[in-house]
Amino acid sequence: MRGLSGVVAAGTFVLTLVVIGTAIIAARREFPGPGGVSVTWHLTASVTAIAAQIFSDRHRGFAAFSGSMVVFLAAGLLLWSQWWS
């Protein structure tokens, strides 16, 4: 479970970097791009997922499972609110 949540946390971080890069490029070329709200959502979800993954990696049992679930919840909420709706 921790391995899969680690992949999801890393993917959330990479997605955040892509959104930030897209926002910078869009601003430089004066094209509409992801706004500040989207960048904030991605940063918040990424920090939450990485913190939860670190917690999960340092604990065992139910605590590790709970940390993994927070990673999945943060990534799912990000995808649902910023990409699918």
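So, here is what we can say about the structure in this document. Keep in mind that this is a model prediction, so the values were computed, not measured. (Residues numbered from 1 in each chain as written. Predicted model: local features only at pLDDT ≥ 70, side-chain atom pairs only at ≥ 80, totals over all residues. Heavy atoms only, no water.)

1. What to know about unusual backbone geometry
What is expected of a backbone is that most residues other than glycine have negative phi and most peptide bonds are trans. If you check the backbone angles, Glu30 has positive phi at about 60 degrees while not being a glycine. Within the fold, Glu30 resides in the loop between α1 (2-28) and α2 (36-58). (Helix = DSSP H or I, 4+ residues; strand = E, 2+ residues; numbered from the N terminus.)

2. Quick look at a nonpolar patch on the surface
There is a patch of nonpolar side chains on the surface, built from Phe13, Val14, Leu17, Val18, Ile50 and Ile54 and spanning about 490 Å² of accessible area. Of all elements in the fold, only α1 and α2 reach the threshold of two or more residues within the nonpolar patch. The greatest single-element share of the nonpolar patch, amounting to four residues, is contributed by α1. In this structure Ile54 comes out as partly exposed when scored by relative accessible area, which is 39%. (Patch = residues over 30% accessible without salt bridge, like charges linked within 9 Å, V, L, I, M, F, W, Y side chains within 5 Å. Areas by Shrake-Rupley, 256 points an atom, 1.4 Å probe, with all protein chains shown as cover. Salt bridge = Lys/Arg side-chain N within 4 Å of Asp/Glu carboxyl O. Buried < 20%, exposed > 50% of the residue type's maximum accessible area, 1.4 Å probe, protein only.)

3. Concerning the packing of aromatic side chains
All told, the structure shown has two aromatic pairs when counted by the stated rule. Ring geometry for Trp80 against Trp84: centres 6.4 Å apart, planes inclined by 75 degrees, an arrangement best described as edge-to-face. Of the two residues, Trp80 and Trp84 are both situated in helix α3 (residues 62-84); the distance of four residues between them amounts to about one turn of the helix. With a relative accessible area of 55%, Trp80 lands in the exposed category. Among the residues examined, Trp84 registers a relative accessible area of 60% and is labelled exposed. (Phe/Tyr/Trp six-rings, centres within 6.5 Å; stacked < 30°, edge-to-face > 60°.)

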